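For reference, the chains in residue letters:
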Amino acid sequence: MITVEGLSKTFMVPKRTAGFKAAVKSLFYREYTEIQALDDVSFKIDEGEIVGYIGPNGAGKSTTIKVMSGILVPDKGICRIMNHTPWKERVLHVKNIGVVFGQRSQLWWDVPVVDSFELLKDIYNIPYDEYKKNVDMLVETLDLSNFINSPVRQLSLGQRMRCEIAASLLHSPKILFLDEPTIGLDAVSKIAVRQFIKSINKEKKVTVILTTHDMNDIEALAERILLIGKGKILYDGSLNKLRSRFGTNKTITVEFMENSTLPEIQGTKILSWLPQRASLYIDTQEISVSEVISALAEQLELSDVTVENPPIEEIIVQLYKEYEI
Amino acid sequence: MIKKILHHLDVGCLYLKLTLQSQMEYPMFLFSWIISNPMQFLVGAWTLKALIDQFQTINGWNFGQVAFLYGLGSITHGLSIIFFIQTWGIGWAVTEGGFGRYLLRPLNVFFQFAFSYFNMIGITDLIPATIVFAYGCIQISFQWTLINTFKILLVIIGGTLIRGAVYIAVGSIAFWTKRSGSLITISLTLMEKNVMYPVSIYPTIIQFIFTFCVPLAFICFYPVSELLGMNTYFTFPGSLCVWTLGIGILVYFMSMMVFKKGLKHYDSSGS
């Protein structure tokens with residue numbers, strides 16, 4: 001459905017130094033630095049996938065999304081999306097996609113949300129029946145009915161984001177690009193947005209590509225992640241694989257009956273030690289979880305055992321460190 | 001093709017509706033606009049008076065003829081403001097990353113950019129323009145024959161297109177420079193000056209520039225010269241009113257090429 005091959009894009013950014021003198025100087029002579037936003041990016045995405053596109057700020061996530069949605073023209077490389085090249089067959093291509101930029105609105109600021117929807121209906125030439133069906137579905141599942149008649153400027157960020165997502169789906173696109181859809185949202189809105197993305201992926205078979213800095217989004221939604229750093233794809237694969245590669249440690253928390261000394265176990269580190277409760281860090285390459293538990297059980301009368309994976313954030317930080325991005 | 005035009009027309013009407021709706025959200029703004037409307041008219045009338053004082057005849061043009069020229073030029077000015085004023089903001093739209101949204105929609109980008117916000121101020125420009133033009137028509141007892149009416153129509157369309165093309169071409173420079181404000185001011189002043197007076201008062205070299213380099217003299221000077229039977233330094237075969245329309249269409253398409261080239265250069269700032 002989506003094929004990207006050898007995509008490269010550089011931006012010329014004028015070098016600037018602070019201060020008035022430098023500003024005057026830049027009037028006459030300007031140095032440019034070349035920034036490689038995308039460097040030989042290649043991947044394939046199949047129909048019905050949800051792909052999490054992650055990477056630190058300035059890694060090239062938004063640039064990739066903009067190339068794929070036809071806003072930017074790359075310097076070189078191939079991008080075929082449903083048999084169209086976005087920047088060459090823009091009009092045909094954009095009918096197939098929906099795009100939400102979390103930091104930028106596509107709705108009219110001063111008119112009720114529903115009027116913006118009506119405009120989109122006209123722009124995309126959506127037949128009345130289809131429009132009606134889609135609006136009803138979106139209003140219900142995204143719970144928009146309370147504010148669909150309010151001007152956009154009066155909405156909260158969470159309400160606005162739900163409207164943005166609805167607006168991008170009115171014309172029944174096959175592919176949805178979400179650029180930081182949960183940025184700045186409260187917990188309730190975040191969960192609502194995630195559930196919705198999941199359901200349209202499942203029920204309408206919409207392919208979703210989302211960028212985010214919130215690893216909970218990735219954990220909740222994406223089977224597959226693409227990691228980009230300094231314009232290069234560094235990792236392409238499942239989240240679980242990434243976990244097994246980097247998440248070679250676990251945390252075990254035990255509760256026990258009486259005070260006693262904790263045994264020294266090779267391959268573990270004591271994180272906390274309270275009467276009746278202790279946390280241990282386990283390097284699973286040195287010792288297995290069951291060995292640790294049995295060693296503990298020999299010494300203590302255990303009442304509860306919890307084994308936890310490291311939080312995904314930690315894995316990502318480790319990953320960024322490893323690739324020095 | 002017809003279906004496509006109807007679709008654009010349909011969307012254009014909805015844009016107009018939403019623009020009005022947005023503006024009515026701010027009643028005080030609307031109110032100040034209604035106040036400024038007669039002000040515009042007064043300024044227009046004052047310019048007329050200044051013209052009466054200034055010119056008895058100029059290079060063989062009497063006041064009625066100059067008023068005719070000035071009025072017709074101002075009408076195309078008002079129309080170009082209504083249709084093309086958005087291009088003054090290309091620099092702003094480029095730095096704010098505003099073209100992204102238009103590029104995502106299955107419609108012509110320039111159409112969306114130009115018509116997503118109608119400028120009502122242009123209408124207030126049209127009022128004094130029409131009055132001065134009507135005054136000129138009466139002064140020189142202009143004959144509204146079928147052929148003359150048709151020619152005036154050609155000049156209005158052609159002149160508006162030439163002005164629009166200049167706005168588009170100059171505004172599009174912002175795709176490369178990110179700013180184009182001062183250039184627009186210069187081009188506007190040039191046009192305003194050129195339209196007010198018969199171009200024949202200028203030295204030959206300036207006339208040459210306004211005719212062959214930047215064809216501003218075709219906005220109204222050449223066609224009005226034909227309509228009023230005035231002599232021009234450079235002569236052209238055929239009707240000058242048809243030339244105005246032809247040049248209008250030509251420079252409009254040329255300016256669209258500049259716009260499209262600029263759009264390819266657009267680098268969508270921000271995240």
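Caption draft 1: Up close: the overall build of chain A. The helix and strand inventory of chain A stands at eleven helices and 13 strands. Taken against the 2.2 N^0.38 rule, which gives 20 Å for 325 residues, the C-alpha radius of gyration of chain A at 25 Å runs more than 25% over that of a compact globule. C-alpha extents for chain A along the principal axes are approximately 75 × 55 × 45 Å. Looking at chain A as a whole, 52% of its 325 residues are labelled buried. Sequence separation of at least 24 residues holds for 71% of the intrachain contacts in chain A that already meet a minimum separation of 6. Here chain A displays about 16,000 Å² of accessible surface, and carbon together with sulfur accounts for 50% of that area. Charge separation in chain A, taken as the distance between the mean sites of 38 positive and 43 negative side-chain charges, equals 10 Å.

Caption draft 2: The domain arrangement of chain A, seen in detail. In terms of domain boundaries, chain A breaks down into domain 1 (45-243) and domain 2 (248-308). Placing a centre on the C-alpha atoms of domain 1 of chain A and another on those of domain 2 of chain A gives a separation of 44 Å.

Caption draft 3: Structural view of the interface of chain B and chain A. Listed per partner, the contact involves 32 residues of chain B and 35 residues of chain A. Of the roughly 2,900 Å² buried at the junction of chain B and chain A (both faces included), carbon and sulfur atoms supply 55%. Put simply, chain B and chain A have nine residue pairs in polar contact (both at pLDDT 80 or more) between them. When contributions to the side of chain B that touches chain A are tallied by element, the ones reaching two or more residues are helix 1 (2-24) and helix 5 (99-103) of chain B. Among the elements that take part in the side of chain B that touches chain A, helix 1 of chain B stands out by supplying ten residues, more than any other. Residue composition of the side of chain B that touches chain A, grouped by class: twelve nonpolar, twelve polar and eight charged.

Caption draft 4: Fine view of unusual backbone geometry. All names here are of chain A. Positive phi is not limited to glycine here, since Met 82 has a value of about 50 degrees. Taking the relative accessible area as the measure of exposure, Met 82 reaches 25% and is therefore partly exposed. With a phi angle near 55 degrees, Asn 125 is a residue other than glycine that sits in the positive phi range.

Caption draft 5: Structural detail: the sheet that holds strand 1 (residues 2-14) of chain A. Residues and elements named next belong to chain A. Reading across the sheet, the three strands line up as 2-1-4 and stay open at both edges, with antiparallel pairing between neighbours. Where the open sheet ends on each side, the last strands, each with one partner, are strand 2 (32-45) and strand 4 (76-81). Between one strand axis and the next, the sheet turns by 30 degrees as a mean value, whatever way the strands run. Sheet topology note: the strand 1/strand 2 ladder contains ten bridges and is antiparallel. The partner of Val 4 across the bridge, within strand 2, is Phe 43. Relative to the sheet, helix 2 (residues 61-68) contacts strand 1, strand 2 and strand 4, its axis offset from that of strand 2 by approximately 65 degrees.

Caption draft 6: View of the pattern of salt bridges. In this structure the tally under the stated criterion is twelve salt bridges over all chains. The partner of B:Lys151 in a salt bridge is B:Glu226, with the nearest N and O atoms 3.0 Å apart. Here the residue B:Lys151 occupies a position in helix 8 (residues 146-172), and B:Glu226 occupies one in helix 12 (residues 221-228), the gap between them amounting to 75 residues. Classification of B:Lys151 by relative accessible area gives partly exposed; the value is 21%. Overlapping salt bridges bring together A:Lys190, A:Arg194, A:Asp214 and A:Asp217 as one network.

About the cut-offs
Residues numbered from 1 in each chain as written. Chains lettered and ligands numbered in written order. Predicted model: local features only at pLDDT ≥ 70, side-chain atom pairs only at ≥ 80, totals over all residues. Heavy atoms only, no water. Helix = DSSP H or I, 4+ residues; strand = E, 2+ residues; numbered from the N terminus. Rg over C-alpha atoms; globule rule 2.2 N^0.38 Å. Buried < 20%, exposed > 50% of the residue type's maximum accessible area, 1.4 Å probe, protein only. Contact = heavy atoms within 4.5 Å. Areas by Shrake-Rupley, 256 points an atom, 1.4 Å probe, with all protein chains shown as cover. Lys, Arg positive; Asp, Glu negative; His and termini not counted. Charge placed at Lys NZ, Arg CZ, Asp CG, Glu CD. Domains from an automatic or database assignment. Buried area = accessible area lost by both parts, 1.4 Å probe. Polar contact = N/O pair within 3.5 Å; in protein donor to acceptor, adjacent residues only side chain to side chain. Nonpolar A, V, L, I, M, F, W, Y, C, P; charged D, E, K, R; others polar. Pairing = 2+ DSSP bridges. Axes fitted to C-alpha atoms, helices over the stretch in contact; angles between N-to-C directions. Salt bridge = Lys/Arg side-chain N within 4 Å of Asp/Glu carboxyl O.

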